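This is what each chain is made of:
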Amino acid sequence: MMLTLLTTLLFQVQTAAATGSNSYLVETAIANGGIGAILFVIWFLTFKSTQKQFEEAQKTNREQFQFALKQNQDQFEKALVQIENQHKDNMALNQKTIDKLFDIMSKDAEYKELLAGVLEQMKESLTRHIEEHKG
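Residues numbered from 1 in each chain as written. Predicted model: local features only at pLDDT ≥ 70, side-chain atom pairs only at ≥ 80, totals over all residues. Heavy atoms only, no water.

### Describing the overall build of the protein
Looking only at helices and strands, the protein has two helices and zero strands in total. Looking at the protein as a whole, 3% of its 135 residues qualify as buried. Accessible area for the protein stands at about 12500 Å²; split by element, carbon and sulfur atoms hold 64% of it. (Helix = DSSP H or I, 4+ residues; strand = E, 2+ residues; numbered from the N terminus. Buried < 20%, exposed > 50% of the residue type's maximum accessible area, 1.4 Å probe, protein only. Areas by Shrake-Rupley, 256 points an atom, 1.4 Å probe, with all protein chains shown as cover.)

Next up, the structure:
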């Protein structure tokens, strides 16, 4: 639209120059149209530059997000492996402790049986000893 208006105004200027009559209105329109065209070019270049900067910033943000996401996933996987290893170690330690506890309990039962046997023999010995000295 701006190009059509500018072309029309230039045509009128050429026509006016050929006829020899320079109109103030045409000269003002050409000057304003030129200023408008320059401002439009400046706006267009600024818009394109801003759009390019926005796209670059968006691309950079996307890359940073993907990098942070990958880094977070790696840390999560490392922590998960570490927790699994710690769980396995704890389970092995717990099993070792339980085995040791059962070993101690079985030895305790053996010692109690042995002690009960010794006490029974002592009781019988004391009972015989008392009977022998009573009578």
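From this point, things continue past the structure.
### Points about the packing of aromatic side chains
Considering all chains together, one arrives at three aromatic pairs under this definition. Between the aromatic rings of Phe 40 and Phe 44, the centroid separation amounts to 6.3 Å while the plane-to-plane angle is 25 degrees, which identifies the pairing as stacked. Note that Phe 40 and Phe 44 are positioned in helix H2 (residues 24-134) at a spacing of four residues, about one turn of the helix. With a centroid separation of 5.5 Å and an interplanar angle of 15 degrees, the aromatic rings of Trp 43 and Phe 47 are classed as stacked. Of this pair, Trp 43 and Phe 47 both sit in helix H2, four residues apart, which is roughly one turn of the helix. Take Trp 43: its relative accessible area is 49%, and that puts it in the partly exposed class. (Phe/Tyr/Trp six-rings, centres within 6.5 Å; stacked < 30°, edge-to-face > 60°.)

### Some details on a nonpolar patch on the surface
On the surface, Phe 40, Val 41, Trp 43, Phe 44, Leu 45 and Phe 47 cluster together into a nonpolar patch covering about 620 Å² of accessible area. Looking at where Leu 45 falls in the secondary structure, it is placed in helix H2. (Patch = residues over 30% accessible without salt bridge, like charges linked within 9 Å, V, L, I, M, F, W, Y side chains within 5 Å. Salt bridge = Lys/Arg side-chain N within 4 Å of Asp/Glu carboxyl O.)

### Comments concerning the pattern of salt bridges
All chains considered together, the criterion is met by three salt bridges. Across the pair Lys 107 and Asp 103 runs a salt bridge, and its minimum N-O distance is 3.7 Å. Taken together, the residues span about one helical turn, with Lys 107 and Asp 103 both in helix H2 at a distance of four residues. Classification of Asp 103 by relative accessible area gives partly exposed; the value is 36%.

What is shown is where atoms sit, not what they do.
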